[in-house]
Amino acid sequence: MEKEPFSALSRRKFIGQASAALSAFMIVPRFVLGGTGYRAPSDIITLGFIGTGKQSRGLSRNFLATGETRILATAEVYKAKRDLFIEQAKAYYTSEDGKAKVNGAYSDIQAYNDFRQLLDRKDIDAVVIASPDHWHAVMAVKAAEAGKDIYCEKPLALTIKEGRAMVNAARKHKKVFQTGSMQRSWPEFRQTAELIRNGYIGDIKGIKVNVGPPPKRYDLPAEPIPEGLDWAMWLGPNEPVPFNSELAPPLSKDVFPNWRNYKEFGGGMVTDWGAHMFDIVQWSLDMDNSGPVEVIPPDGKEHKFLTYRYDNGITMTHEPWEWNNAIQFVGSEGTLNIQRKKLETTPATLKDKVIGPDEKHVYHSDNHYKDFLDAMRKRSQPICDVEIGHRTASVCTIGNIAYQLKRPLKWDPKKENFKKDKEANGLLERSLKSEWAIKV
């Protein structure tokens, strides 16, 4: 389903205003004129990447592969990772037959230690934020203030109030904001959402989400800070802790870093994989602008697993079952199991069911990165807008708070706070160092 643009010029109005304003010639972007084929230089979207680790390098390949972008700058506090990012981009700027996929020279990609220098660049249209979670809110808010559209990795924010600050900043500055929950652009997950919304397994009786554990306090021993790493800037808004290579591994270890396992920097697997899988539940239940109303931690009695309850009575558990990083929907007329690249249903024929034109459909995207670029051109909301990313991250975060406090909590998804629980509400935000303070 298409989302309404929040600001757009009609083709006629755009051309009329351009003609009136300029007596000299003007290059009009191809997408405004409705043309196809060659992509004019004025139609290329320029990007700056903030964070250049393993995830970011994959994102750069995905964006450059569209043929619609050019990377102008990177910001990274670990020099070796900055250098590798630029080196890997080289293949898109050069080719043996002289037909490069990207205009310009890869050596033109400027490297910064401080992302604020990148944000000062007026020639950058959008930023891709792939830093550790504890940085997301500060970087996204400042990017919106600097006039940049934003692609930000999931989970969107470390706290509920930081997530809401990201939404508010994007709306205030009229920025397009795509959350990196790319499963929404994959066919098996779109099929899942449409099967559930159209009632093909009947009334939902229960949902099991199998992702890993909640985070723990940082407890790693100190190690020497490697050459070329600005550790103070890596910590940024956080209070100092000793460096350990599990947080920022060397290039010799091609792994996703484990900062996500510690609550100072991430939300454990509840937010890391949960931001993907709880997101698909939210989508399937048509809860993108809301969330559960209650979360109950395991009590060894009635509730063996962390349990969420929605206002419509549907319950969802954070529970191991046969598939890892996967969801099981149990309905009155069948079941649906979904994992990346794998969809099984009962009845078995459901997984290939063609959803009719008069049935309920969700937003259709086949490429998460092109969808963001298209939304930038249309000035519309992409498939996983900032509000959606914030709501999914909120589901994960209130679950972690219930794990921490070890008691049931009543959640108000409209007010975004816990009912009559001062202690729990105190965990909806955290202190940021004054240099990085944002309005939350």
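Residues numbered from 1 in each chain as written. Predicted model: local features only at pLDDT ≥ 70, side-chain atom pairs only at ≥ 80, totals over all residues. Heavy atoms only, no water.

Colleague: An account of the pattern of salt bridges is needed here, citing residue identities and associated values.
Modeller: Applying the stated criterion to the full structure yields 33 salt bridges. When the shortest N-O distance is used, the salt bridge between K79 and D83 registers 2.7 Å. Taken as a pair, K79 and D83 lie in helix 4 (residues 79–93) at a separation of 4 residues, close to a single helical turn. A residue is classified by how much of its surface remains accessible, and K79, at 42% relative accessible area, is partly exposed. Of the residues examined, D83 reaches a relative accessible area of 37% and is grouped as partly exposed. Two residues, E319 and K208, come together in a salt bridge whose shortest N-O distance is 3.7 Å. (Salt bridge = Lys/Arg side-chain N within 4 Å of Asp/Glu carboxyl O. Helix = DSSP H or I, 4+ residues; strand = E, 2+ residues; numbered from the N terminus. Buried < 20%, exposed > 50% of the residue type's maximum accessible area, 1.4 Å probe, protein only.)

Colleague: Just give me the short version of helix 3 (residues 54–65), but keep the residues and values in it.
Modeller: Helix length check: helix 3 (12 residues) gives 17 Å between terminal C-alpha atoms against 16 Å at 1.5 Å per residue, within 8%. Among the residues of helix 3, S56, R57, G58, L59, S60, F63 and L64 are the ones counted as buried. In this fold, the buried residues of helix 3 make contact with strand 1 (45–50), strand 2 (69–75), helix 4, strand 4 (126–129), strand 5 (149–152) and helix 12 (368–378). In the stretch just after helix 3, G67 is the one whose phi turns positive, near 75 degrees. (Expected span 1.5 Å × (residues − 1). Contact = heavy atoms within 4.5 Å.)

Colleague: Break down the packing of aromatic side chains for me, citing the residues and quoting the values.
Modeller: Two descriptors summarise a pair of aromatic rings, namely the distance from one centre to the other and the angle between the planes of the rings. Inspection of every chain in the model, using the stated rule, returns 19 aromatic pairs. Centre to centre, the rings of F63 and Y369 are 5.3 Å apart; their planes meet at 75 degrees, and the pair counts as edge-to-face. Of the two residues, F63 sits in helix 3 while Y369 sits in helix 12, which places them 306 residues apart along the sequence. There is no split in this pair, since F63 and Y369 are both buried. For the ring pair Y218 and Y262, a centre distance of 5.4 Å and an interplane angle of 85 degrees mean the geometry is edge-to-face. Of this pair, Y218 sits in the loop between strand 7 (204–210) and helix 9 (231–235) while Y262 sits in the loop between helix 9 and helix 10 (268–272); the two residues are 44 residues apart in sequence, bridging distant segments of the chain. Assessed through its relative accessible area of 13%, Y218 is described here as buried. (Phe/Tyr/Trp six-rings, centres within 6.5 Å; stacked < 30°, edge-to-face > 60°.)

Colleague: I'd like to hear about the nonpolar core, residue by residue, with values.
Modeller: Counting residues in each nonpolar core, the largest one holds 74 residues, and the members touching the most others are F63, I207, V209, V281, M316, I327 and F329. A per-element tally of this core places helix 13 (residues 386–405) first, with 8 residues. Not counting chain neighbours up to four residues away, the residues in contact with F329 comprise T192, I196, I201, G206, I207, V281, S284, G334, T335, L336 and I338. A140, A157, V386 and L432 belong to the second largest nonpolar core, which has 49 residues in total. (Core = buried A, V, L, I, M, F, W, Y, C linked by side-chain atoms within 4.5 Å.)

Colleague: Quick one: what's the story with the pairing of strand 12 (residues 335–339), residue by residue and with numbers?
Modeller: Working note: regular strand, side chains alternate between the two faces of the sheet. Where strand 11 (residues 326–331) meets strand 12, 4 bridges bridge the pair, whose relative direction is antiparallel. Its bridge partner lying in strand 12, Q328 is registered against N337. Bridging between strand 12 and strand 13 (residues 342–346) involves 5 bridges; their strand directions are antiparallel. Each bridged residue has a counterpart across the sheet, and for T335 the counterpart in strand 13 is T346. Count of turn residues in the strand 12/strand 13 antiparallel hairpin: 2 residues, of which K341 carries a positive phi of about 70 degrees. (Pairing = 2+ DSSP bridges.)

Colleague: Could you give an account of the layout of surface pockets, with specific residues and numbers?
Modeller: Taken as a whole, the second largest pocket spans an internal volume of roughly 630 Å³. Lining the second largest pocket are 30 residues, with L158, R217, K263, E264 and R430 sitting closest to its centre. Tallied by class, the residues present in the lining of the second largest pocket amount to 12 nonpolar, 10 polar and 8 charged. Residue-level mapping places the lining of the second largest pocket at the junction of two domains, with at least three residues from each of domain 1 (41–182) and domain 2 (183–215 + 266–436). (1 Å grid on protein atoms, 1.4 Å probe; cavity = no way out; pocket = protein on both sides within 12 Å on 5 of 7 lines; lining within 4 Å. Points joined across faces, edges and corners; volume = space filled by probe spheres on them. Nonpolar A, V, L, I, M, F, W, Y, C, P; charged D, E, K, R; others polar. Domains from an automatic or database assignment.)

Colleague: Explain the sheet that holds strand 14 (residues 409–412) residue by residue, including any values.
Modeller: Pairing is mixed in the open sheet, where 9 strands are placed in the order 13-12-11-7-10-9-8-14-15. If you trace the sheet from one side to the other, it starts and ends with strand 13 and strand 15 (417–418), each paired once. Bridge count for strand 7 against strand 11 is 6 bridges, and the pairing is antiparallel. By the bridge assignment for strand 11, I207 is matched with F329. Its contacts with the sheet place helix 11 (residues 274–284) against strand 7, strand 9 (306–309), strand 10 (315–318) and strand 11, and it is angled at close to 30 degrees to strand 11. (Axes fitted to C-alpha atoms, helices over the stretch in contact; angles between N-to-C directions.)

Colleague: Can you lay out the sheet that holds strand 1 for me, pointing to particular residues and giving the numbers?
Modeller: Strand order across the open sheet formed by 6 strands is 3-2-1-4-5-6, with parallel pairing between neighbours. Looking at the sheet topology across the chains shown, the edges are occupied by strand 3 (110–112) and strand 6 (177–179). Direction aside, the axes of adjacent strands within the sheet are offset by 20 degrees on average. With 3 bridges connecting them, strand 2 and strand 3 associate as parallel partners. Counterpart to T74 in the pairing with strand 3 is A111. Packed on one face of the sheet, helix 4 meets strand 1, strand 2 and strand 3 and runs near 170 degrees to strand 2.

Colleague: Lay out the packing of helix 7 (residues 160–172) against helix 13 in plain terms, naming residues and giving numbers.
Modeller: Packing of helix 7 against helix 13 leaves a shortest axis separation of 9 Å and a crossing angle of 175 degrees. Between helix 7 and helix 13, the angle is such that the two are roughly antiparallel. Contacts between helix 7 and helix 13 involve I160, G163, R164, M166, V167, A170 and R171 from the first element and V386, E387, H390, R391, S394, T397 and I398 from the second. Taken together, the residues of the contact of helix 7 with helix 13 break down into 6 nonpolar, 4 polar and 4 charged. (Parallel < 35°, antiparallel > 145°, perpendicular 65-115°, else oblique.)

Colleague: Give me the packing of helix 6 (residues 133–145) against helix 7: which residues, what numbers.
Modeller: When two helices pack together, their arrangement is captured by the angle between the axes and the distance separating the axes. One can describe the packing of helix 6 onto helix 7 by two numbers: an axis separation of 9 Å at closest approach and a directional angle of 10 degrees. Regarding the angle of helix 6 to helix 7, the classification is roughly parallel. Residue-level inspection shows H136, A137, A140, V141 and A144 of helix 6 in contact with helix 7, the latter providing E162, A165, M166, A169 and A170. In the contact of helix 6 with helix 7, the residues fall into 8 nonpolar, 1 polar and 1 charged.

Nothing here speaks to function; it is all geometry.
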